[in-house]
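Tertiary structure, described
The residues making up each chain are set out below.
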Amino acid sequence: GDVEESADLVEEVARIVGFDRIPSLLPTGPLPELHHDEWFERESAIRDILVGAGLTEALTYTLTNRLAMARLLPGRAAGEERLLSAPVAAEEGQSVGTAPVATDGRAAERRQLEAIAERLPAITHANPLSADHEALRLTLLSGLLNVLRNNAKHEDSGLWFFELGRRYLPTPEMASGTGLASERRTLGIALTGP
């Protein structure tokens with residue numbers, strides 16, 4: 001029932017005959033032409049430059065939580081959550097700026113931050129394994145700040161990190177069920193200390 005093409009038929013015959021009875025042969029003929037990937041070469045050059053400048057590469061999780069991303073926003077203005085998912089700077093005429101934070105305590109500030117986190121256009125899991133890994137990242141910065149925080153416990157002479165990774169932006173095609181998210185290759189740099 002699972003035979004759909006000639007390769008499936010060959011696999012079934014090999015199972016019946018036995019894989020150990022099929023002789024192994026080295027391939028003959030010329031090697032395939034090497035394919036140069038411009039993005040790979042460009043990222044390799046960027047890595048070499050940053051490592052040469054004294055930075056350390058960090059690899060962080062692509063899953064994060066929306067609250068951590070909402071904390072990165074400069075204020076608590078309505079519509080500010082679009083800053084994290086914008087592929088370019090905010091369009092002219094959009095009033096996205098800082099607004100004063102509520103002064104009636106940390107609980108009110110927390111509720112306001114949670115409301116902004118709920119509005120983030122992040123791609124979320126329906127059944128996440130933990131609350132810390134509920135959404136695909138819109139920015140590399142939240143992961144890099146965690147790296148800085150964790151390493152600052154052990155080192156205070158200066159921490160220089162970078163990450164070349166993907167951030168995942170929702171698309172109209174994804175919302176309609178006909179496409180996938182936009183995976184943007186991004187460079188993030190986080191420095192602290194001298």
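It should be noted that the structure appears before, not after, this text.
Here's what I pulled together on the structure shown here.

Calculation criteria
- Residues numbered from 1 in each chain as written.
- Predicted model: local features only at pLDDT ≥ 70, side-chain atom pairs only at ≥ 80, totals over all residues.
- Heavy atoms only, no water.
- Phe/Tyr/Trp six-rings, centres within 6.5 Å; stacked < 30°, edge-to-face > 60°.
- Lys NZ or Arg CZ within 6 Å of the ring centre and 35° of its normal.
- Salt bridge = Lys/Arg side-chain N within 4 Å of Asp/Glu carboxyl O.
- Helix = DSSP H or I, 4+ residues; strand = E, 2+ residues; numbered from the N terminus.
- Expected span 1.5 Å × (residues − 1).
- Polar contact = N/O pair within 3.5 Å; in protein donor to acceptor, adjacent residues only side chain to side chain.
- Patch = residues over 30% accessible without salt bridge, like charges linked within 9 Å, V, L, I, M, F, W, Y side chains within 5 Å.
- Areas by Shrake-Rupley, 256 points an atom, 1.4 Å probe, with all protein chains shown as cover.
- Buried < 20%, exposed > 50% of the residue type's maximum accessible area, 1.4 Å probe, protein only.
- Contact = heavy atoms within 4.5 Å.

What follows covers the packing of aromatic side chains. Tallying each qualifying case throughout the model produces zero aromatic pairs. Stacked on the ring of Trp39, the Lys or Arg Arg42 has its end atom at 4.8 Å from the ring centre.

This brings us to the pattern of salt bridges. In the structure shown here, the tally under the stated rule is seven salt bridges. When the shortest N-O distance is used, the salt bridge between Glu183 and Arg166 registers 3.1 Å. Of the two residues, Glu183 is situated in strand 5 (residues 182–192) and Arg166 in strand 4 (residues 159–169); the sequence distance between them amounts to 17 residues. Here the residues in one salt-bridge network are Glu43, Arg47, Glu57 and Arg185, joined through shared partners.

Let us look at helix 2 (residues 38–52). The end-to-end C-alpha distance of helix 2, which contains 15 residues, comes to 21 Å, matching closely the 21 Å that a straight helix rising 1.5 Å per residue would cover. With a side-chain oxygen positioned 3.3 Å from the backbone nitrogen of Trp39, the residue opening helix 2 is Asp37. Positive backbone phi, approximately 100 degrees, marks Gly54, located one or two places after helix 2.

Okay, a nonpolar patch on the surface next. A cluster of nonpolar side chains, namely Val3, Leu9, Val13 and Val17, defines an oily patch on the protein surface of about 330 Å² accessible area. Considering the arrangement of structural elements, one finds Val17 in helix 1 (residues 6–17).

Within the secondary structure layout, Thr64 lies in strand 2 (residues 63–64). Since its relative accessible area comes to 11%, Thr64 is described here as buried. Each residue touching Thr64, except ones within four places of it in the same chain, is listed here: Met69, Asp132, His133, Glu134, Ala135, Arg137 and Ser142.

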